[in-house]
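Residue-level structure breakdown
So you can see what is in the structure, the chains are spelled out below.
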Amino acid sequence: DSPDSVAACEARLHRARMAEVSLAQATCKFIDECPTPFHLCAETGALLKAAGFTEIAEDGAWRPLLKPGGSYFYTRAGTTLVAFHVGAAFEAGNGINVVGGHTDSPVLKLKPSSKKSAHGYLQLNVETYGGGLWHTWFDRELTLAGSVIVKQADGSFARRLLFVRRPLMRVPSLCIHLRTAEEREKFAPNKETHLAPILACAVSEALNADKPSASSLGGRHAPELLRVIGEELGCAPGDVLDFDLTLCDTQPSATWGLADEFLSAPRLDNQLTCYLAMLALIDHAKEAPPSQPDVAMIALFDHEEVGSGSAQGACSTVMSDALQRVSSCFAPDERHASVEALSKTARRSFLMAADLAHAVHPNYAEKHEKEHAPKLNSGTVIKSNDNQRYATNDATGFVVRDRAEIEPR
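Here's what I pulled together on the structure shown here. Here the structure is a predicted model, which is why all the values come from computation and not from measurement.

1. Looking at the overall build of the chain
From N to C terminus, the chain includes nine helices and 14 strands. In the chain, which comprises 409 residues, the proportion classed as buried is 36%. Taking contacts inside the chain between residues at least 6 apart in sequence as the whole, the part at least 24 apart equals 69%. For the chain, the accessible surface area stands at approximately 23300 Å², while carbon and sulfur atoms represent 53% of it. Computing the positive centroid from 41 side-chain charges and the negative centroid from 51, the chain places the two 3 Å apart.

Here is the structure:
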């Protein structure tokens, strides 16, 4: 090779590397701004709006709004989001291609009655959500985030998002001197009693005793907690009427390694997919040709970690509603036309459920099959199972492999 061609190749590699670094940094920033599904949907919605997408409502009429070449999104319950771009050449009965992800992750959540005190400490009652590695929650600086229902000055009610950006609490480990030999060998915390975080000393509680809370939640939640929520949201503690709050880590996401080749962040499962799917949809909406016949869609569901059985989970009507409503907006007015169009659309569509896979751990390599051990930074993993735990078959697997091969990495 000539020096010029070598230099050009090195320049391309450098640009590709810089693009990877930029994407990693943007991913870290996104995840750090999204401590809960509520925040993820709000942040995703803001980014979609900035990219030219129009927000629509499930309880509104779509037919007057949806147009070929248009880009739209909506949310359900504030924690599930669907966004789509209608191809400029889309007609009723054409396909809808979907990337599905989920917005939730295993976390500790406040119980309906979170007030707890013991032996001079003000604590919080929490419960586990999903299947987490709960020992990793010990000895970290934790904070609170989630959704709060607040009474407005005019007497109405509004949902406000809370994200306390400072360490508020900690779940401390028991010192080694007080552990039995068996406990030292195997750390198995009791999820009901050992995971309660410390919020304050009882001294702090006594000092604030002269600041009563008028909130109806005062009997179930510590007044000190309600005051923090009120201060963060700029409202009186008495105006805090209810909430859905989650504990979250204050340690920011980071890239690391000799060449910064690793990325560590909370909630990678599955916020990474949500973010990348959104970027891909935005890019598609910008670059789709006038001949594009299909709809491109992302569906980001809540409650995957607990079985997807809620009103906004993947087992709900979210997906079928989205397909039916988009398809019917472009169907003729004749009787049964929309039903016929939807049936054709369903058979012509493609849905890929995108989640994370477990790369082989160098210290526990025996946990993977020798010939099926995914490696970090080596491309997309396709999950398959002959007992039909996954939907992959020869045709769908081929489509993904084919696209992965022809697209530059």
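2. Concerning helix 6 (residues 268-287)
End to end, helix 6 covers 28 Å across 20 residues, agreeing with the expected 28 Å (1.5 Å per residue, within 8%). Along helix 6, the residues that are buried comprise N270, Q271, T273, C274, Y275, A277, M278, L281 and I282.

3. Some details on the pattern of salt bridges
Counted under the stated rule, the structure contains ten salt bridges. Across the pair D321 and R76 runs a salt bridge whose closest N-O atoms are separated by 3.0 Å. Linking D321 in helix 7 (residues 318-329) with R76 in strand 2 (residues 71-76), this pair joins segments that are 245 residues apart in sequence. Residue classification places R76 among the buried positions, given a relative accessible area of 16%. Two residues, R170 and E141, come together in a salt bridge whose shortest N-O distance is 2.0 Å. Of this pair, R170 sits in the loop between strand 8 (157-163) and helix 3 (181-185) while E141 sits in the loop between strand 6 (121-129) and strand 7 (142-151), and the two are 29 residues apart along the sequence. Three or more residues are tied together by salt bridges with common partners; here these are E58, R76 and D321.

4. Description of the nonpolar core
Residues L110, V148, L225, I229, F243 and L247 are the most contacted members of the largest nonpolar core, which totals 34 residues. For this core, the secondary structure elements donating two or more residues are strand 5 (107-118), strand 6, strand 7, strand 9 (198-201), helix 5 (223-233) and strand 10 (240-249). Of all the elements, helix 5 adds the most residues to this core, at five residues. Apart from residues lying up to four places away in sequence, I229 is in contact with V148, L162, V240, F243 and L245.

5. Examining the sheet that holds strand 4 (residues 96-102)
With mixed pairing, the six strands of this open sheet are ordered in space as 1-2-3-13-4-14. Looking at strand neighbours, the two that pair on one side only are strand 1 (54-55) and strand 14 (350-353), the edges of this open sheet. When strand 2 meets strand 3 (residues 80-86), the two strands line up antiparallel, connected through six bridges. Of the residues in strand 3, the one forming a bridge with Y72 is F84. Across the sheet, helix 2 (residues 37-50) is in contact with strand 1, strand 2, strand 3 and strand 13 (295-301); its angle to strand 3 comes to roughly 20°. Packed onto the sheet, helix 6 meets strand 2, strand 3, strand 4 and strand 13 and runs at close to 150° relative to strand 4.

6. Let's talk about the pairing of strand 13
For strand 13, a buried count of seven out of seven residues is recorded, marking the element as mostly surrounded by other parts of the structure. Both faces of strand 13 are covered, namely the face carrying V295, M297, A299 and F301 and the face carrying A296, I298 and L300. Summarising the sheet, strand 3 and strand 13 pair through six bridges and their orientation is antiparallel. Paired with H85 across the strands is A296, a residue of strand 13.

7. Focus on the pairing of strand 6
It is a general feature of regular strands that their side chains alternate between the two faces of the sheet. In terms of strand pairing, strand 5 meets strand 6 through eight bridges, oriented antiparallel. Across the sheet, residue V107 finds its bridge partner in strand 6, namely Y129. Between strand 5 and strand 6, which pair antiparallel in sequence order, lie two residues; one of them, H119, sits at a positive phi of approximately 55°. Pairing of strand 6 with strand 9, which is carried by three bridges, proceeds in the antiparallel orientation. Across the sheet, the residue bridging to Y121 is C201, located in strand 9.

8. So, the environment of A236
For A236, the position within the fold is in the loop between helix 5 and strand 10. As for A236 and K151, which are separated by 85 residues in sequence, their C-alpha atoms are 9.3 Å apart.

Each value, and the rule that gives it
Residues numbered from 1 in each chain as written. Predicted model: local features only at pLDDT ≥ 70, side-chain atom pairs only at ≥ 80, totals over all residues. Heavy atoms only, no water. Helix = DSSP H or I, 4+ residues; strand = E, 2+ residues; numbered from the N terminus. Buried < 20%, exposed > 50% of the residue type's maximum accessible area, 1.4 Å probe, protein only. Contact = heavy atoms within 4.5 Å. Areas by Shrake-Rupley, 256 points an atom, 1.4 Å probe, with all protein chains shown as cover. Lys, Arg positive; Asp, Glu negative; His and termini not counted. Charge placed at Lys NZ, Arg CZ, Asp CG, Glu CD. Expected span 1.5 Å × (residues − 1). Salt bridge = Lys/Arg side-chain N within 4 Å of Asp/Glu carboxyl O. Core = buried A, V, L, I, M, F, W, Y, C linked by side-chain atoms within 4.5 Å. Pairing = 2+ DSSP bridges. Axes fitted to C-alpha atoms, helices over the stretch in contact; angles between N-to-C directions.

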